[in-house]
Amino acid sequence: MPHPAHAPPLSVRTSAPPAALSLEARLAATDAAMTVRLEEAAVAYEVNTAHIPTVPVDLGDVVTLPLTPTLQPPAPYATPVAALLQRAHHRLLTDGWCTGALIDVEGARCLYGAIHHEAHGDQSLASRGLQILMDAIHREFGGDVDSVPSFNDGFASGRVPLRMLDKAAVLADARLL
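Values in this document were obtained by computation on a predicted structure and should not be read as measured data.

Asks: So what about the nonpolar core? Which residues, and what values?
Replies: Counting 30 residues, the largest nonpolar core has Leu85, Ile115, Leu133 and Leu165 as its most contacted members. Of all the secondary structure elements, the ones that give two or more residues to this core are helix H3 (80-95), helix H4 (111-118), helix H5 (123-141), helix H6 (148-153) and helix H7 (159-174). Residues within four places of Leu133 in sequence aside, it is in contact with Leu111, Ile115, Val148, Met164, Leu165 and Ala168.

Printed below as a string of structure tokens:
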């Protein structure tokens, strides 16, 4: 065994170059190291805070709102067309939105069906509501949309149609209709 004083200098020693790790291997190593550090930090936190007394909190003292939200319509618009569109919006929120039919077997309605239902037989009011809705749709989506039913049926969810109904109510109110 050679004496350490007689060992070759470090620059002369040969060693294999470190093997390049794949991205997955580096991520796994980093994950393992972080898991160890987080576990150590959790233990240190428990040790450092063990002497602090805690009092359980009763959620009844903290939560003052109902636990289940209720759908309540906002204050009604003063103008008839805006109020109609707002009622139709609320109808879709409560009964559901559908596509391909005025009303489906579960009671959900399309935009056109909700407006006609909330107009209570007043064809003039329903017609004005549909016209304002088309104006709002054209403002946002351009003039390529040819009817409310085709707009309604162009969506897989009611999020955009409901938003447009809400925008139409604001537009009708601004126009004092």
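Asks: Tell me about the packing of H4 against H5, and please be specific about residues and values.
Replies: Running from N to C, H4 and H5 point in directions that differ by 145°, and their axes come no closer than 9 Å. As H4 packs across H5, the resulting crossing turns out to be right-handed. Contacts between H4 and H5 involve Leu111, Tyr112, Ile115 and His116 from the former and Gln123, Ala126, Leu130 and Leu133 from the latter. Among the residues making up the contact of H4 with H5, the classes are represented as 6 nonpolar, 2 polar and no charged.

Asks: Give me the pattern of salt bridges: which residues, what numbers.
Replies: All chains considered together, the criterion is met by 6 salt bridges. Put simply, Arg87 and Glu118 hold a salt bridge, and the shortest N to O gap is 3.5 Å. Taken together, the positions of Arg87 in helix H3 and Glu118 in helix H4 put the pair 31 residues apart, joining distant regions of the chain. Looking at Glu118, the relative accessible area reads 5%, which means it is buried. A salt bridge links Glu118 to Arg91; the nearest nitrogen and oxygen atoms lie 2.7 Å apart. Residue Glu118 is found in helix H4, and its partner Arg91 is found in helix H3; the two are separated by 27 residues along the sequence. Looking at Arg91, the relative accessible area reads 23%, which means it is partly exposed.

Asks: Break down the side chain of Asn152 for me, with residues and values.
Replies: Structurally, Asn152 can be placed in helix H6. Assessed through its relative accessible area of 1%, Asn152 is described here as buried. Once residues lying within four places of it in the same chain are set aside, the contact partners of Asn152 are Trp97, Cys98, Thr99, Cys110, Leu111 and Pro161.

Asks: Describe in detail the environment of Ala169, supporting the description with residues and values.
Replies: Within the secondary structure layout, Ala169 lies in helix H7. Residue classification places Ala169 among the buried positions, given a relative accessible area of 1%. The sequence separation of Ala169 and Gln86 amounts to 83 residues, and the corresponding C-alpha distance is 5.8 Å. Setting aside chain neighbours within four positions, we find Ala169 in contact with Tyr77, Ala82, Leu85 and Gln86.

Asks: Residue-level account of the packing of H3 against H5, with values.
Replies: At a minimum axis distance of 9 Å, the contact between H3 and H5 shows a crossing angle of 75°. Taken together, the axes of H3 and H5 lie roughly perpendicular to each other. In contact with Pro80, Val81, Leu84, Leu85 and Arg87 of H3, H5 contributes Leu125, Ala126, Arg128, Gly129 and Ile132. Residues of the contact of H3 with H5, tallied by class, amount to 7 nonpolar, 1 polar and 2 charged.

Asks: For the packing of aromatic side chains, give the residues involved together with the corresponding values.
Replies: Evaluation of the coordinates by the stated rule reveals 3 aromatic pairs. Plain terms: the ring middles of Phe151 and Phe155 are 5.0 Å apart, the flat faces sit at 65° to each other, and that makes the pair edge-to-face. Relative accessible area serves as the criterion here: at 4%, Phe151 is assigned to the buried category. For Phe155, a relative accessible area of 23% translates into the label partly exposed. Put simply, the rings of Phe141, Phe151 and Phe155 touch in pairs and so form one group of aromatic residues.

Definitions and limits used
- Every chain is numbered independently, its residues counted from 1 as its sequence is written.
- Only residues with pLDDT of at least 70 are given local features in this predicted model, and only at 80 or more are side-chain atom pairs given and counted; all residues enter the totals for whole chains, interfaces and linings.
- In computing side-chain properties, one takes all heavy atoms of the structure into account and sets aside hydrogens as well as water.
- Nonpolar cores are built from buried Ala, Val, Leu, Ile, Met, Phe, Trp, Tyr and Cys residues. Side-chain atoms within 4.5 Å join them into one set.
- Working definition: with a 1.4 Å probe on protein chains only, accessible area under 20% of the residue-type maximum means buried, over 50% means exposed, and in between means partly exposed.
- Secondary structure elements are defined from DSSP: runs of H or I of at least 4 residues count as helices, runs of E of at least 2 residues count as strands, and each element is numbered from the N terminus.
- Note on contacts: a residue pair is in contact if any heavy atoms of the two residues lie within 4.5 Å.
- Axis definition: a line fitted to C-alpha atoms, limited for helices to the stretch in contact. Angles are taken between N-to-C directions and run from 0 to 180 degrees.
- Should the near helix be turned anticlockwise from the far one by less than a right angle, the crossing is termed left-handed; should it be turned clockwise, right-handed.
- When residue character is reported, Ala, Val, Leu, Ile, Met, Phe, Trp, Tyr, Cys and Pro are called nonpolar, Asp, Glu, Lys and Arg charged, and the others, Gly included, polar.
- One speaks of a salt bridge when a side-chain nitrogen belonging to Lys or Arg is within 4 Å of a carboxyl oxygen belonging to Asp or Glu.
- By definition in this entry, angles of less than 35 degrees are roughly parallel, angles greater than 145 are roughly antiparallel, angles of 65 to 115 are roughly perpendicular, and the rest are oblique.
- Classification of ring pairs uses Phe, Tyr and Trp, with its six-membered ring standing for Trp, and accepts pairs whose centres are within 6.5 Å; under 30 degrees between planes counts as stacked, over 60 as edge-to-face, and the remaining range as tilted.

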